[in-house]
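# Architecture at a glance
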Amino acid sequence: MEKKNILTGIRPTGRLHLGHYFGATSNWVKLQEEYNSYFEIADVQALTDNFNNPEKVRINVREIAIDLLSIGIDPNKATIFVQSTIPEIAELTVYYSNLVTMSRLYRNPTVKTEIKQKKALFGNSGESVTYGFVGYPVSQAADITAFDGALIPVGEDQLPLVEQTREIVHKFNSIYGETLTVPEHYLSKTPRIKGLDGNEKMGKSLGNAIYLADSEEEISKKIMSAVTDPNKIRKDDPANPDICMVYYYHNVVKNPNVETVCMECKNGSRGCVACKKELISSMMEFLKPIQEKRHYYEEHPKEVDKILLNGSRVARKQAKEVMKRVKKSMKIDYFEEEI
Ligand code: TRP
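Residues numbered from 1 in each chain as written. Predicted model: local features only at pLDDT ≥ 70, side-chain atom pairs only at ≥ 80, totals over all residues. Heavy atoms only, no water.

The environment of the ligand is formed by 13 residues, the closest being R11, Q45, Q140, D143 and Q158. Here a nitrogen atom of the ligand sits 3.4 Å away from a polar atom, N or O, in the side chain of E40. In this structure, a nitrogen atom belonging to the ligand sits 2.9 Å away from a side-chain N or O atom of Q140. A total of 370 Å² of accessible area belongs to the ligand in isolation, and the protein chains cover 88% of it. Of the residues that constitute the shell around the ligand, the class distribution is five nonpolar, five polar and three charged. (Near = heavy atom within 4 Å. Polar contact = N/O pair within 3.5 Å; in protein donor to acceptor, adjacent residues only side chain to side chain. Areas by Shrake-Rupley, 256 points an atom, 1.4 Å probe, with all protein chains shown as cover. Nonpolar A, V, L, I, M, F, W, Y, C, P; charged D, E, K, R; others polar.)

Domain assignment breaks the chain into domain 1 (5–194 + 301–329) and domain 2 (216–295). Between the C-alpha centres of domain 1 and domain 2 the distance comes to 35 Å. For the pair domain 1 and domain 2, the two sides together bury roughly 1000 Å², of which 63% comes from carbon and sulfur. Ranking the residues of domain 1 by area buried against domain 2 places L18, S70 and K194 at the top, with a combined share of 49%. Between the two partners, domain 1 and domain 2, sit two salt bridges. Where E63 meets R294, a salt bridge forms, and the shortest distance between an N and an O atom there is 2.9 Å. Our enumeration of links across domain 1 and domain 2 arrives at five residue pairs in polar contact (both at pLDDT 80 or more). (Domains from an automatic or database assignment. Buried area = accessible area lost by both parts, 1.4 Å probe. Salt bridge = Lys/Arg side-chain N within 4 Å of Asp/Glu carboxyl O.)

When two helices pack together, you describe them by how their axes are tilted relative to each other and by the distance separating the axes. Contact geometry for helix α3 (residues 54–71) and helix α13 (residues 272–299): axes closest at 8 Å, N-to-C directions at 135°. With respect to α13, the element α3 is oriented oblique. In terms of crossing hand, the pair formed by α3 and α13 is right-handed. Note on element contacts: α13 touches α3 through I290, K293, R294, Y297 and E298, opposite E63, I66, D67, L69, S70 and I71. Across the contact of α3 with α13, the residue classes break down as five nonpolar, one polar and five charged. (Axes fitted to C-alpha atoms, helices over the stretch in contact; angles between N-to-C directions. Helix = DSSP H or I, 4+ residues; strand = E, 2+ residues; numbered from the N terminus. Parallel < 35°, antiparallel > 145°, perpendicular 65-115°, else oblique. Left-handed = near helix turned anticlockwise from the far one by under 90°. Contact = heavy atoms within 4.5 Å.)

On to the side chain of N5, then. Residue position: N5 is located in strand β1 (residues 5–10). Only 2.8 Å separates the side chain of N5 from the backbone oxygen of F147, close enough to count as a polar contact. With near-sequence residues (within four places) excluded, N5 lies in contact with N36, Y38, F147, D148, G149, A150, L151 and Q318.

Attention now goes to helix α14 (residues 301–329). Counted at 1.5 Å a residue, the expected span for α14 with its 29 residues is 42 Å, and the 42 Å between its end C-alpha atoms agrees. All of the buried residues along α14 are V304, I307, L308, G311, S312, A315, Q318, A319, V322, M323, V326 and S329. K331 lies just past α14 and shows a positive phi near 60°. (Expected span 1.5 Å × (residues − 1). Buried < 20%, exposed > 50% of the residue type's maximum accessible area, 1.4 Å probe, protein only.)

Within the secondary structure, E40 sits in strand β2 (residues 36–41). As a buried residue without a salt bridge, E40 has its nearest oppositely charged side chain in R11, at a separation of 9.0 Å. (Lys, Arg positive; Asp, Glu negative; His and termini not counted.)

Next comes the structure, spelled out in structure tokens:
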């Protein structure tokens, strides 16, 4: 049986943190074994709200590539590619833009939330909302369909975008004939990771992220200021680990000693400072193999470039095939020869 295609992407706007890792990318490492996987570094999408900061996007394309390689994405099994190297994605975006109404885009829950956040940042005029930004779900539909993406591994916040893609695909197929693969979402089973500050979400903009590349010093600083049970005042007060972010993270990084941590916290024989120090060392232990690989790729930037270049070539070949089908269906395949 032929392997199904997986397509998913990430915006290169910063390095990967533990939220990305547990919520999404650690899953990609497993999925690459079973599926024909395409992992897109979505620089074009990142530019929709960073168009005035191209340097940031450029730097983070390589940072994300290094992060993905460091966590175990294997370029011999999966295709890592850069979105802007595939002009067919931009081309498909233009054709799909006829198949979606403005009001449908404004009703997209993900877009709606993001517009609200923008208005909170830049005022209510709406001037910060560009055509490119409102249209990014159309471009994401192009990302997905250009690779015949059948399964789309995403977090919950991305479900409306996969739904939007399905609508576009159905509309395309009903007007022009069966051409595009209908995608399905593949929800990550791991729940969203909380921040060390107790926030329900870990995020760069929330300032509570632990990055895969963080040094021991940075990790120590972050863990030392983590939220613990506020009722524990003295070192030997018994406490409730269920409301302690340090305990929560002992579980996240799978400290083998976690049952002792829990018991000692409950019976008051463990102080928070000692507990945090233990977490720092478990965290570093957890990050060690990832950071060792990162170090290797940082020392071999040419190798990273080669992986991205090869991946982009493989991806482009696939996108060209889909483009050919699309043009034929839309009756805009005027010439056999390439122009
Ligand atoms: N929108 C996704 C995010 O912000 C990134 C992304 C771009 C993506 N293209 C995609 C996700 C295609 C899934 C499929 O994280």
